[in-house]
Amino acid sequence: MLMSRWLPVSPWEEMAQFRREMNRLFDTFAQGWPTLAAAYPALNIWEDEEALYAEAELPGMELDELEIYVTGNDQLTIKGERKRSTDNNWTWHRQERGFGSFTRVVTLPLPVDADKIEAKFKNGVLTIRMPKTEAAKPRKITVTAN
Amino acid sequence: MSQNALVQKERKEELTPERMRNAPTFSPRVDICENDEELVLYADLPGVEPEDIDIRFERGELSIYGKCKPRHQGTHLLNEFEVGDFYRAFSIYEEVDADRISAELKNGVLTVHLPKSDAVKPKRISVKAS
């Protein structure tokens, strides 16, 4: 599984985490087919007045290995492939870091201007800035007294 | 008494210090592999600047601490991961040449090279024809 982190360190915390995950799994089954499958990469999305921002942790990748585009004004797609770190001539003691190709498609809560998207990649963190369309920007409505 | 105090001090140093910053600490995912010459450790530390990484090797223990600066302020719409520091420590049982340990960070992946000391390297013995 392609993930770049997991939660701490103490066995008690790990057991608590496991219990939470099992509870969550059963909760999702109770509501129908689980939709909360671990999608990669995990995304944080936030906004200000001008734009939507999306952030993903993709350690070990290069910006030109990633394909980022928006279709239909609100479907953000991130595609890429993470390669294995070394060849097979080594003796492996641990292999926890995943590799392989991935595609993530998310529906954005607002329409964005697909031509003006900027992506930045620094220290393994991808940040995408997506300016909102004029129609989606907040407008201040002045109230006139009559 | 003085000897006792020394022992206690050493014990205290071995404990992981508590963090004063209220940020979560994550255990980074690692790959560790080995050949005749060295052990190599790869760790995913996304968002950590090279100057914020602290790698120590003492008493056979390799510890990695990466401090991650807080990012993105604004109204959150989707939150699938948290940003926090990274910490993980390993006991290394191989004889490692501590002076030649080197590390590099590229695109959020830390690579630590731990060269084996000459005493444990396998030696090839050439056989001469008589």
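Located above this text is the structure these notes cover.
This is a predicted model, so every value here is computed, not measured.

A few words now on the pattern of salt bridges. By the definition in use, this model includes 17 salt bridges over all chains. The residue K132 of chain A makes a salt bridge to E47 of chain A at a minimum N-O spacing of 2.8 Å. Within this pair, whereas K132 of chain A is found in the segment after β9 (125–131), its partner E47 of chain A is found in strand β2 (residues 43–47), the two being separated by 85 residues in sequence. Each of the two residues, K132 of chain A as well as E47 of chain A, counts as buried. The salt bridge involving R97 of chain A is made with D44 of chain B; its shortest N-O contact spans 2.8 Å.

What the five strands build is an open sheet, ordered β8(A)-β9(A)-β3(A)-β2(A)-β6(B); its pairing is antiparallel. In this open sheet, the two strands that pair with only one neighbour each are β8 (118–122) of chain A together with β6 (75–79) of chain B. On average, adjacent strands in this sheet sit at an angle of 20° to one another, irrespective of strand direction.

This paragraph deals with the nonpolar core. Core analysis: the largest hydrophobic core is formed by 21 residues, its most contacted members being L41, L45, I92, L110 and L114 of chain B. Dropping the residues within four chain positions of it, I92 of chain B is found in contact with L39, F57, G60, L62 and L114 of chain B. Residues A54, A56, L126 and I128 of chain A belong to the second largest nonpolar core, which totals 20 residues.

A separate point is the packing of aromatic side chains. Residues and elements named next belong to chain B. Applying the stated criterion across every chain yields a total of four aromatic pairs over all chains. Measuring from ring centre to ring centre gives 6.4 Å for F26 and F86, while their planes differ by 50°; the resulting arrangement is tilted. Of the two residues, F26 sits in strand β1 (residues 25–28) while F86 sits in strand β7 (residues 85–91), which places them 60 residues apart along the sequence. In this structure, F26 and F86 share a single accessibility class: buried.

Now for the interface of chain B and chain A. In this assembly, 44 residues from chain B lie in contact with 41 residues from chain A. Taking both sides of the interface into account, the surface hidden between chain B and chain A amounts to around 3,800 Å²; carbon and sulfur atoms contribute 52%. Interface area lost by chain B to chain A is led by R29, F81 and N107 of chain B, which between them contribute 20%. Summed over the shared surface of chain B and chain A, the number is nine salt bridges. Here R88 of chain B makes a salt bridge to E96 of chain A, at a shortest N to O gap of 2.8 Å. Summed over the shared surface of chain B and chain A, the number is 26 residue pairs in polar contact (both at pLDDT 80 or more). Every element with two or more residues in the side of chain B that touches chain A is listed here: β1, β2 (30–34), β3 (38–44), β4 (48–58), β6 and β7 of chain B. Per-element tally for the side of chain B that touches chain A: the top contributor is β3 of chain B, with six residues. Along the lines of polarity and charge, the residues of the side of chain B that touches chain A split into 20 nonpolar, 13 polar and eleven charged. Strand direction decides the pairing type here: β2 of chain A and β6 of chain B, joined by four bridges, are antiparallel.

Criteria and thresholds
- Residues numbered from 1 in each chain as written.
- Chains lettered and ligands numbered in written order.
- Predicted model: local features only at pLDDT ≥ 70, side-chain atom pairs only at ≥ 80, totals over all residues.
- Heavy atoms only, no water.
- Salt bridge = Lys/Arg side-chain N within 4 Å of Asp/Glu carboxyl O.
- Helix = DSSP H or I, 4+ residues; strand = E, 2+ residues; numbered from the N terminus.
- Buried < 20%, exposed > 50% of the residue type's maximum accessible area, 1.4 Å probe, protein only.
- Pairing = 2+ DSSP bridges.
- Axes fitted to C-alpha atoms, helices over the stretch in contact; angles between N-to-C directions.
- Core = buried A, V, L, I, M, F, W, Y, C linked by side-chain atoms within 4.5 Å.
- Contact = heavy atoms within 4.5 Å.
- Phe/Tyr/Trp six-rings, centres within 6.5 Å; stacked < 30°, edge-to-face > 60°.
- Buried area = accessible area lost by both parts, 1.4 Å probe.
- Polar contact = N/O pair within 3.5 Å; in protein donor to acceptor, adjacent residues only side chain to side chain.
- Nonpolar A, V, L, I, M, F, W, Y, C, P; charged D, E, K, R; others polar.

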